[in-house]
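Summary of the model geometry
The residues making up each chain are set out below.
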Amino acid sequence: MPTAISYNNTSLLDWEQLWKETVQKRGGMAVWRLPKSDKRYFLVDSSGGEKVGSLDLESFPAGFLVAPFTGLPYFLKAETLLEGSFTSDEIRAAFGQKAKHDQVQNEQKHQHFVHWVSKSIEEIKSGTFQKVVLSRTDEVEFPGNFSTLKAFGQLCQAYPNAFVCALYIPELASTWLCATPETLVEQDAQGIFRTIALAGTQSALDADGQIVSPQNARWSQKEIEEQAYVCRYIIECFKKIRLREYQEIGPKTILAGNLLHLKTEFTVDTQALNFSQLPGILLSLLHPTSAVCGTPKVEAIQWISQAEKHARELYSGYLGPVNLGDEIHLFVNLRTVKIAQEETVCRATYFAGCGITEDSDPEKEWQETVMKCQTLQQVLEG
Ligand SMILES: C=C(O[C@@H]1C=C(C(=O)O)C=C[C@H]1O)C(=O)O
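Quick caveat, the model's predicted, so the values are computed rather than measured.

The secondary structure content of the protein amounts to 8 helices and 20 strands. A globule of 382 residues ought to have a C-alpha radius of gyration of about 21 Å, and the protein, at 20 Å, matches this closely. Dimensions of the protein, computed from C-alpha atoms along their principal axes, come out at roughly 55 × 55 × 40 Å. Among the 382 residues that make up the protein, the fraction classed as buried is 47%. Considering only contacts within the protein whose residues lie at least 6 apart along the sequence, 74% involve residues at least 24 apart.

Here we take up helix H3 (residues 148-158). Along an α-helix, residues three or four positions apart point the same way, because every turn accommodates 3.6 residues. Counting buried residues in H3 gives 9 out of 11 residues, a clear majority hidden from the surface. For H3, the complete set of buried residues consists of Thr 148, Leu 149, Lys 150, Ala 151, Phe 152, Gly 153, Gln 154, Leu 155 and Cys 156. Of the surrounding secondary structure, the elements contacted by the buried residues of H3 are helix H1 (12-24), strand S2 (28-33), strand S3 (40-45), strand S10 (163-169), strand S11 (174-180) and helix H8 (362-380).

Bringing the nonpolar core into the picture now. With 105 residues, the main nonpolar core has Val 31, Leu 43, Leu 134, Val 164 and Cys 165 as its most contacted residues. Apart from the residues within four sequence positions on either side, Val 164 is in contact with Trp 32, Arg 33, Phe 152, Leu 155, Cys 156, Tyr 159 and Ala 179.

Moving on, we come to the environment of Thr 344. Mapped onto the elements, Thr 344 comes out in the loop between strand S19 (336-341) and strand S20 (345-356). Sequence-wise, Thr 344 and Asn 145 are 199 residues apart; in three dimensions their C-alpha atoms are separated by 7.3 Å.

Attention now moves to the sheet that holds strand S5 (residues 63-67). Strand order in the open sheet made by the 9 strands is S4-S6-S5-S17-S18-S12-S13-S15-S14, with antiparallel pairing throughout. The open sheet has two free edges, formed respectively by strand S4 (50-51) and strand S14 (247-256), since each of these has just one partner strand. Sheet strands touched by helix H4 (residues 221-240): strand S13 (192-203), S14 and strand S15 (259-269). Its angle to S13, the strand with the most contacts, is close to 160 degrees. In the packing of helix H6 (residues 278-286) onto the sheet, the strands contacted are strand S12 (183-187), S13, S15 and strand S18 (327-332), and the crossing angle to S12 comes to about 170 degrees.

In this section: the packing of H4 against H6. Relative orientation of the contacting elements H4 and H6 amounts to 130 degrees, with a least axis distance of 10 Å. Classified by the angle between their axes, H4 and H6 sit oblique to one another. Along this stretch, H4 crosses H6, giving a crossing that reads as right-handed. In contact with Ile 234, Cys 237 and Lys 240 of H4, H6 contributes Leu 282, Leu 285 and Leu 286. Within the contact of H4 with H6, the residues separate by chemical class into 5 nonpolar, no polar and 1 charged.

Reading the values: rules and limits
- Residues numbered from 1 in each chain as written.
- Predicted model: local features only at pLDDT ≥ 70, side-chain atom pairs only at ≥ 80, totals over all residues.
- Helix = DSSP H or I, 4+ residues; strand = E, 2+ residues; numbered from the N terminus.
- Rg over C-alpha atoms; globule rule 2.2 N^0.38 Å.
- Buried ≥ 20, exposed ≤ 12 C-beta atoms within 10 Å, placed from the backbone.
- Contact = placed C-beta atoms within 7 Å.
- Core = buried A, V, L, I, M, F, W, Y, C linked by C-beta atoms within 7 Å.
- Pairing = 2+ DSSP bridges.
- Axes fitted to C-alpha atoms, helices over the stretch in contact; angles between N-to-C directions.
- Parallel < 35°, antiparallel > 145°, perpendicular 65-115°, else oblique.
- Left-handed = near helix turned anticlockwise from the far one by under 90°.
- Nonpolar A, V, L, I, M, F, W, Y, C, P; charged D, E, K, R; others polar.

Taken by themselves, the reported measurements are silent on function.
Next comes the structure, spelled out in structure tokens:
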């Protein structure tokens, strides 16, 4: 059983202290806040976590699951679990200064990305696959120390509808932070399972810099089709297990930070179906979905490994708490940054990708990755 300690106004500095101590002791930990909630949790597993082979979520103890894009997930058991909230004046800029972006390196990445988007479009036209998601990184260096907890607090404030998380796994020797809009697998205490098809991206700001209301958003055929691939992929997963009793709502436009996306929601009443194993079974079938990988999956993964220079690591994997209060909340690790603290500098690697179809425009796809990186950069770099 976890040692659950409830703090009403836990100081951010206490959590910062616990974070540092846990890193020194080579423990694993996660700090998170669910969408539209103000409860923040801090989970510590002093063993550093372990890799798990089976996704039989029903049999898992309370803990936190985190999976890379490809490969086995890590499980952190809830040995210690703290709950708290911070006051807003404790939260200040995490880096406290604007990072220097390497323009030469950035231009090389731009050229590489645009080249591979063009090649992907040709490959799609020749019929190898219909959609592929290519990603890239943006690496920056900051002098001095980085405060993970301040960054976490800032992201919570800036993105109330996102799943915000800071994570440390000693084996990976780096901290990851995300503010993601994408649910992969959720189940509430009443047994309602939920997943979403999220794709299609445009800036949420109009020409005057004002937020466009989701109801007034206009989408082109490219984005509508791109999101439809994700819906069809989810329904194919349902068909594999002969699941017909699901509800589908959407697509609707949602606001995710500085961006708008198209979202369709799928729900299943697992209690009515007497199907408690559903979240684990669907998790193994769904990941990675067409929203972060492509259609068909195997061909898309092969293409990604050829086209991308970087390893995705935890980017576009999934993460979240399982079996805390009979609930499961797993999200796709998007709008994410990896932080490696060295002696005098701190290296941040932002990751972002976009769905390519035969109607893609390579320059626009690059711009989309710029906007996606900005989701975190605007908050962390001030
Ligand atoms: C791949 C990312 O986002 C995914 C891809 C999207 C798209 O191609 O339009 C939109 C939302 C996400 O499902 C990312 O944020 O890195």
